[in-house]
Amino acid sequence: MYNNNPVSKLNGNVTLILNASYIPLAVCSSKRALCLYFLDKIDIIHNYNDYVHSPSMKVRIPSVVKLKRYVKHNNLDVVLNRKNLLIRDNFSCQYCLSKSHLTVDHILPKEKGGSDTWENLIIACSPCNSKKGNRTPKEANMKLMKQARKPNRFIYFKQFVKEKNIDWENYIFSRKN
Ligand SMILES: [Zn+2]
């Protein structure tokens, strides 16, 4: 459908930027991606079905783009915080898979020298957290659904993948977290 307001049409869309090697680098607004395109910095790999119209032209909104020049980018680290722990653990208690009253649990309790690291923090519902108390899972006879591991940046991209961003899957899900 014709849309007279290109800016509003663009605002809701985000574009996945791949390095020249096809490794996902970042997510930006589609508006920014189009700017990069007009500056000849990127190639467009996939488009959304939507167009942006201006008086002089009609442009498809990019969904996945690739940088023309490879950039060195070694930092695939994810910041350790509650939100990213929730994403890593699929917003569910890692002892019973409950999705409510979620807290952050130290696998090895702080009092016993447990640290604030990806490997020692896990999402737990508050009943499981209280049940476990100041014990290790083994002492409390509770089993973790998975080993707590440090995720890489791909976990960050996953949160953007909705139905309309289906083109992204090929670039994100083929890699392990
Ligand atoms: Zn639980």
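Residues numbered from 1 in each chain as written. Predicted model: local features only at pLDDT ≥ 70, side-chain atom pairs only at ≥ 80, totals over all residues. Heavy atoms only, no water.

**Student:** I'd like a description of the packing of aromatic side chains, backed by residues and values.
**Tutor:** Using the criterion set out here, one finds two aromatic pairs in the structure. Taken together, a centroid distance of 6.5 Å and an interplanar angle of 10° make the contact between Tyr-22 and Tyr-171 stacked. With Tyr-22 in the loop between strand 1 (14–18) and strand 2 (24–29) and Tyr-171 in helix 6 (residues 169–172), this residue pair connects regions lying 149 residues apart in the sequence. Here Tyr-22 falls in the partly exposed class, since its relative accessible area comes to 39%. Classification of Tyr-171 by relative accessible area gives buried; the value is 14%. With centroids separated by 5.5 Å and ring planes inclined at 65°, the aromatic side chains of Tyr-37 and Phe-38 adopt a geometry described as edge-to-face. Above the ring of Tyr-51, the side-chain terminus of Lys-58 is found at 4.4 Å from the ring centroid. The ring of Tyr-51 is capped by Arg-60, whose NZ or CZ atom sits 5.5 Å from the centre of that ring. (Phe/Tyr/Trp six-rings, centres within 6.5 Å; stacked < 30°, edge-to-face > 60°. Helix = DSSP H or I, 4+ residues; strand = E, 2+ residues; numbered from the N terminus. Buried < 20%, exposed > 50% of the residue type's maximum accessible area, 1.4 Å probe, protein only. Lys NZ or Arg CZ within 6 Å of the ring centre and 35° of its normal.)

**Student:** Describe in detail the coordination of the zinc ion, supporting the description with residues and values.
**Tutor:** Looking at the zinc ion, one finds its protein donor set to be Cys-93 (SG), Cys-96 (SG), Cys-125 (SG) and Cys-128 (SG), positioned 2.3 Å from the metal centre. For the zinc ion, the four donor atoms are set out with angles of 103 to 113° between them, so the coordination reads as tetrahedral. Mapped onto the sequence, the donors of the zinc ion take the spacing C-x2-C-x28-C-x2-C. Of this pair, Cys-93 sits in the loop between helix 3 (82–88) and strand 5 (102–106) while Cys-128 sits in helix 4 (residues 126–132), placing them 35 residues apart in sequence. Looking at Cys-93, the relative accessible area reads 0%, which means it is buried. (Donors = N, O, S within 2.8 Å, 3.2 Å for Na, K, Ca; no water. Tetrahedral: all angles 85-135°; square planar, octahedral: opposite > 155°, others 65-115°.)

**Student:** Can you explain the sheet that holds strand 1? Please cite residues and give values.
**Tutor:** Working definition: the strands of a sheet are paired by backbone hydrogen bonds and lie parallel or antiparallel to each other. Read across the open sheet, the four strands follow the order 2-1-4-3; overall the sheet is mixed. For this open sheet the edge positions go to strand 2 and strand 3 (42–53), each flanked by a neighbour on one side alone. Neighbouring strand axes in the sheet, compared pairwise and without regard to direction, differ in orientation by 30° on average. Across three bridges, strand 1 lies against strand 4 (residues 58–67) in parallel orientation. (Pairing = 2+ DSSP bridges. Axes fitted to C-alpha atoms, helices over the stretch in contact; angles between N-to-C directions.)

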